[in-house]
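Descriptive analysis of the structure
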Amino acid sequence: MSLGQLQVMSAIEQCRSAALGGHVERCEDCGHSRIAYNSCRNRHCPKCQGAAAQDWLAAREADLLPVGYFHVVFTLPAEISPIAYQNKAVVYDLLFRTAAETLLTIAADPKHLGARIGATAVLHSWGSTMTHHPHVHMIVPGGGISLDGTRWVRCKPGFLLPVQVLSRLFRRLFLTALADAHAAGRLAFFGEIDGLRRRKAFDAYLAPLKRKNWFVYTKPPFAGPEAVLAYLARYTHRVAISNSRLVALDERGVTFHYKDYRRNGPARYGKMTLSADEFIRRFLLHVLPKGFHRIRHYGLLARASCKANIARAKELIADPMPTAEPTAAHGTADPHTTDHRPPCPCCGGRMIIVEVFARGGSPRGPPSSSAGIRI
């Protein structure tokens, strides 16, 4: 186990417990009190991503365009998975960059869309059973600004870009970039793939992948901006497995729900039981390197020029600019909108903090019979 994996384990174990301290909340209306323990705020913790996702989505809402949005998935073949696991920062970054370059290049080609488009990309490294399965989900507006910047170019109804063309360019760009990374000594190899540190062995390993079909998938467009936000809420801050999928923990191990995407109908959904150590091992496969950004924006949505590009796109689409309050536009929303504390369980009133206690500490006195509730 790496230091990063140990830190994630420690954070999740202590999350919302007295070890991290907490505060006492009291209802403004009925006076009901409760203890709320602090969360770990680790991005790999299943319990800590809800509030972060809400804040992130609120900031993205102003960037939505009044057009259809497509969902595009770029997936690395299974042969790359062990290399990616041992070189997460390098390979995941190559996955992001080559997928984005593929999309922007094909979209700019006059034979296809002939426009500058944008995309929001989210890295997922897991399958439904938590095996290592690196892929990038992209949310792409159905059109872009013409290359001369004078008009909005709409894609064909229900069609963004040809997936076969995307797949071939993605394959070429990624394999070239991976070979360059190997030549520059940026890749490490251990265990079963130790032999790949030799250039000839590495080239021989990649050779069959140059003839293999790489998986690029474009789903039908979303039903509207609200559907885009709902999708992003599910995907941007997702971790390898959510608490809602857990079924049981007993002497056999951990049982959870999973989905088999190769099947249809009722057979697609099932339950799997893993021993506790295997469950933890699979979960920790997906711990990201420290400081690695798993949500990125490209093209028109690149952060440096996003606001100007969105304004220009809305102007070309002839959509009136949103009448948002200046504070919201700069990301400093009303504090009540970012207050994620649950309401009072007795009357639904607003809970306010009346006492704070440090790590390993406790409140001066139990506020009520419900003390110790974790929210």
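This text follows the structure it describes.
Below: a short report on this structure. Given the structure is predicted, the values throughout are model-derived calculations rather than measurements.

Bringing the packing of helix α5 (residues 163-183) against helix α6 (residues 199-206) into the picture now. Relative orientation and spacing of two packed helices are given, respectively, by the angle between their axes and the distance between those axes. The geometry of α5 relative to α6 is characterised by a closest axis approach of 11 Å and an angle of 170° between their N-to-C directions. The angle between α5 and α6 places the two elements in the roughly antiparallel class. Regarding α5 and α6, the two cross each other, and that crossing is right-handed. On the side of α5, the interface is formed by L175, L178, A179, H182 and A183, while α6 contributes R199, F202 and L206. Looking at the contact of α5 with α6, its residues break down into 6 nonpolar, 1 polar and 1 charged.

The subject of this paragraph is the sheet that holds strand β4 (residues 115-116). With respect to topology, 3 strands assemble into an open sheet ordered β4-β7-β8, the strand pairing being antiparallel. Of all the strands in the sheet, the pair left with one neighbour each is β4 and β8 (152-154). In the sheet, strand β7 (residues 143-146) pairs with β8 via 3 bridges, with the strands oriented antiparallel. Within β8, the residue paired with G144 across the bridge is V153.

Evaluation of the coordinates by the stated rule reveals 10 aromatic pairs. Centre to centre, the rings of F170 and W214 are 5.5 Å apart; their planes meet at 80°, and the pair counts as edge-to-face. Of the two residues, F170 sits in helix α5 while W214 sits in the loop between α6 and β9 (216-219), which places them 44 residues apart along the sequence. For the pair formed by F170 and W214, the shared burial category is buried. Here the basic side chain of R296 rests over the ring of F292, its NZ or CZ set 4.8 Å away from the ring centre.

What counts as what
- Residues numbered from 1 in each chain as written.
- Predicted model: local features only at pLDDT ≥ 70, side-chain atom pairs only at ≥ 80, totals over all residues.
- Heavy atoms only, no water.
- Axes fitted to C-alpha atoms, helices over the stretch in contact; angles between N-to-C directions.
- Helix = DSSP H or I, 4+ residues; strand = E, 2+ residues; numbered from the N terminus.
- Parallel < 35°, antiparallel > 145°, perpendicular 65-115°, else oblique.
- Left-handed = near helix turned anticlockwise from the far one by under 90°.
- Contact = heavy atoms within 4.5 Å.
- Nonpolar A, V, L, I, M, F, W, Y, C, P; charged D, E, K, R; others polar.
- Pairing = 2+ DSSP bridges.
- Phe/Tyr/Trp six-rings, centres within 6.5 Å; stacked < 30°, edge-to-face > 60°.
- Buried < 20%, exposed > 50% of the residue type's maximum accessible area, 1.4 Å probe, protein only.
- Lys NZ or Arg CZ within 6 Å of the ring centre and 35° of its normal.

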